[in-house]
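Here is what each chain is made of, one letter per residue.
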Amino acid sequence: MADQGHRDSSSNEEREPLLHRNSLVDGGEGGDSRQLLTFCSEDSANPRQWPRRKKLLNVAVIAAMSVLSPLASSMFTPGIDQIADSLSTSPETVIGCTTGFVIMLGLGPIFLAPLSETFGRRKLYLVCFTVFALLQIPSALAPNIETLIAMRTLSGFFGSVGIANGGGTISDMFEPSSRAGIFGWYLLGPLLGPTLGPLFGGIIVQRLGWRWVFWTLTIVCCVNTAAGFVFLRETYAPVILEMRRDRLQKEQPSPEGYRVEGEDESPLKSRVIRSLTRPMRILAQPIVLTMSAYQALLFGTTYSIYTNMQPIYQGEYGFNTEQVGLLYLGPGIGFLFAVWFLVPRIDTVYNRLTKQNDGKSKPEYRLPLANIGAVFIPISLFWFAWTVQLHTHWTASIASTFFYGIGQVMIMNTCQNYYIDSFEKYAASAIAAGAVFRSILGGVVPLFAPALFDKLGYGWGISVFAFLSLAISPAPLVFFYYGQRIRERFAIELS
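Residues numbered from 1 in each chain as written. Predicted model: local features only at pLDDT ≥ 70, side-chain atom pairs only at ≥ 80, totals over all residues. Heavy atoms only, no water.

**Considerations on the packing of helix 8 (residues 179-207) against helix 9 (residues 211-231)**
The angle between the axes and the distance between the axes are what describe a pair of packed helices. Running from amino to carboxyl end, helix 8 crosses helix 9 at an angle of 125°, the nearest separation of the two axes being 8 Å. By the angle class used here, helix 8 and helix 9 are oblique. Relative to helix 9, helix 8 is oriented so that their crossing is right-handed. Between helix 8 and helix 9, the contacting residues are Gly 201, Ile 204 and Val 205 on the first element and Trp 212, Val 213 and Thr 216 on the second. (Axes fitted to C-alpha atoms, helices over the stretch in contact; angles between N-to-C directions. Helix = DSSP H or I, 4+ residues; strand = E, 2+ residues; numbered from the N terminus. Parallel < 35°, antiparallel > 145°, perpendicular 65-115°, else oblique. Left-handed = near helix turned anticlockwise from the far one by under 90°. Contact = heavy atoms within 4.5 Å.)

Below, the structure written as C-alpha cells:
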C-alpha cells in the first residue's frame, strides 16, 4: 500500500490533473520532449467532470451487471431438488453449480480488473457480459449435471466483470468526498443479487420449471448488454488520454509527438503480466488480507444459510418453494435500510474526520461505521441459529436476517471504500484482491455446511459462523487506530 504521506502529496494530481497540452517536457540530454497530455480542471472528457446524469447512467448499467451475476449464482437454488430429479443426480451434486459459479466469480476479477487498467473498462464490460448472457442458453439446455456445472462455472468467470471493475469505474467518476453514497447503491448488487435470486427463482421454478430460470436470465442479461453498448462510456483516465493522443497524432501531427502522463510504455506483454500480478500483491498487505478474510467469512456464512433455507423452512416449517423464496426479503430489506440511512453517513464521518485533521484525509476514516456491522453480524447469527434450533415462530428467525443484512452492507461498504482510497489508481485491482478470497470461501464452505448442520444441529452449526465473526469483529477498530502504521510498515510498489 502506498505510503500515506506520498498519497497526500500526489492525490491532488490524480484527482484533479491539469492539461499541459502545449508544454514540452525536456529532461536534458536524452530527455522526453513530447507534448504532455493530461486533463484540465474543466475538461469535459474527464469522467469526474461529466454531468451527474451521465455518471449515474453509467453506474446504472454496471450496477445492473453487478446484480445479475450474483442473482444468477443463487436464482436456481429453489429448484435444487427439481434439477436433481430431472438430471438424475443428488441435491449435493447440484450445489456444485453454485460452488463453481461463486469461485469463478472471485477468480475472474484477478484477471479482469487489472486488464481493465490496461485496455480500458468499457471493452471488458461489453465483451465479458455478452459472453455471460450467451452462456445462459447452454445452461437452460443442459442434458446432464456435468454440462450444467461446466456452463455455470464459465459464466461465473465472465459474469464477474461488473464486480471486478464497478468500484474502479465509480472511483474514475466520483471524488472521494461524495463516493461512498453512490458506491453503496452499486454494492447492493453483490449483496442483493444472492438474496433476490431465490425469491424470483422460487416463483419461476414453481410455475415454469427450473430451465426457465436460465431462459429468464438469458433475456434479462441480453437487455442489459444491449444497454451497455448504447450507454456505457470509457471512464479510465489513462485510456481516455491515450485515445486523445492517437486522435491528435492523426489530426494534428507534431514533430515532437505526444505522450500521456504516467503512461507505461513498456511492451504489452510486460504490462499485462505486471497488471495480472497486481491483485495478489495487494492481497498480501496485512490490512487487505484481514478485511478480505472478514468479507470471505460473511460470504461463506451467507451462502451456507441461503443454500439451506429450503431444508430449514420446508422441512421444519412446512413452507412451499414460493414461500421460502419470500423469506429472502428479510436480509434484502436490511440491505436497503442500510444503503438508504447508514451508508451516506460513511462520507459524513470521512469528511468530518478529514476536516478535524487539517483537511488531510486517510483511508482509515472510512472504517468507523464498520463497527455497526461488527456488532450486528455475530448477534444476528446467534439469534438466527437458536430461534431455528428451538423451532420458534418463523418471524423470529427471519427478523434476525434484517440485522444481518445491515451488518453485511456496513462491512462491505467500508472495506471497499477503504480499498479504493488506499489504491485509487488501481482501485479495480484492490477490489479484485478482496473478491478472490470471499468468493472462494463463499463457494466452498456451503459444500460442507449440510454435514456441519447434520452433525451439530442448526443451533451450534450456525453458531460456529457466529463465533468466527465475533473473533474477527475487533478488526475495524484496530485498523482505525493503527492502520496508518501498518500501511507504512508494509508499503508495496504497484507501478
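That was the structure; now back to the text.
**Quick look at the confidence of the model for the protein**
For the protein, the average pLDDT comes to 84, and 90% of its residues sit at 70 or higher. By mean pLDDT, helix 1 (residues 4-15) is the weakest element of the protein at 40, and helix 17 (residues 370-389) is the strongest at 96. (pLDDT = per-residue confidence, 0-100.)

**Overview of the pattern of salt bridges**
Applying the stated criterion across every chain, the model contains eight salt bridges. Asp 421 is the salt-bridge partner of Arg 179, the closest N and O atoms lying 2.6 Å from each other. Here Asp 421 lies in helix 18 (residues 394-422) and Arg 179 lies in helix 8, a separation of 242 residues in the sequence. For the pair shown, Arg 179 and Asp 421 are each scored as buried. For the salt bridge of Asp 246 with Arg 245, the shortest nitrogen-to-oxygen distance reads 3.3 Å. Taking relative accessible area as the criterion, Asp 246 reaches 36% and is therefore assigned partly exposed. (Salt bridge = Lys/Arg side-chain N within 4 Å of Asp/Glu carboxyl O. Buried < 20%, exposed > 50% of the residue type's maximum accessible area, 1.4 Å probe, protein only.)

**Some thoughts on the packing of aromatic side chains**
One pass over the structure, following the stated rule, counts 22 aromatic pairs. Here Trp 386 and Trp 460 contribute two aromatic rings whose centre-to-centre distance is 5.1 Å and whose plane-to-plane angle is 85°, an arrangement assigned as edge-to-face. Of this pair, Trp 386 sits in helix 17 while Trp 460 sits in helix 19 (residues 427-472), and the two are 74 residues apart along the sequence. One aromatic cluster is present, built from ring pairs that chain together Phe 337, Phe 341, Phe 376, Trp 383, Phe 402 and Phe 403. The aromatic ring of Phe 174 is capped on one face by Lys 55, whose charged end is 5.0 Å from the ring centroid. Sitting over the ring of Tyr 350, Arg 366 keeps its end group 3.8 Å from the ring centre. (Phe/Tyr/Trp six-rings, centres within 6.5 Å; stacked < 30°, edge-to-face > 60°. Lys NZ or Arg CZ within 6 Å of the ring centre and 35° of its normal.)

**Brief notes about the side chain of Ser 304**
Secondary-structure assignment places Ser 304 in helix 12 (residues 286-306). Judged by its relative accessible area of 0%, Ser 304 falls in the buried class. Side-chain polar atoms of Ser 304 contact the backbone oxygen of Gly 300, separated by 2.7 Å. What Ser 304 contacts, discounting residues up to four positions off in sequence, is Val 445, Pro 446, Ala 449, Phe 453 and Phe 465. (Polar contact = N/O pair within 3.5 Å; in protein donor to acceptor, adjacent residues only side chain to side chain.)

**As for a nonpolar patch on the surface**
On the surface, a nonpolar cluster with roughly 560 Å² of combined accessible area is contributed by Leu 456, Trp 460, Val 464, Phe 467, Leu 468 and Leu 470. Among the structural elements, Leu 470 can be located in helix 19. The class of Leu 470 is partly exposed, set by a relative accessible area of 44%. (Patch = residues over 30% accessible without salt bridge, like charges linked within 9 Å, V, L, I, M, F, W, Y side chains within 5 Å. Areas by Shrake-Rupley, 256 points an atom, 1.4 Å probe, with all protein chains shown as cover.)

**Some remarks on helix 17**
Here helix 17 contains 20 residues, and its C-alpha end-to-end distance of 29 Å stays within 8% of the 28 Å for a straight helix at 1.5 Å per residue. All of the buried residues in helix 17 are Ala 370, Gly 373, Ala 374, Ile 377, Pro 378, Ser 380, Leu 381, Phe 384, Ala 385, Thr 387 and Val 388. Positive phi appears at His 391, one or two residues downstream of helix 17, with a value of about 55°. (Expected span 1.5 Å × (residues − 1).)

**Observations regarding helix 15 (residues 329-342)**
Taking 1.5 Å as the rise per residue, helix 15 with 14 residues should run 20 Å; its terminal C-alpha atoms sit 19 Å apart, in good agreement. Of the positions making up helix 15, those classed as buried are Gly 330, Pro 331, Gly 332, Gly 334, Phe 335, Ala 338, Val 339 and Leu 342. Those residues of helix 15 that are buried are in contact with helix 8, helix 12, helix 14 (321-327), helix 16 (344-356) and helix 18.

**Focus: unusual backbone geometry**
Notably, Asp 358 is not glycine yet its phi reads approximately 60°, a positive angle. Considering the arrangement of structural elements, one finds Asp 358 in the loop between helix 16 and helix 17. Notably, His 391 is not glycine yet its phi reads approximately 55°, a positive angle. Among the structural elements, His 391 can be located in the loop between helix 17 and helix 18.

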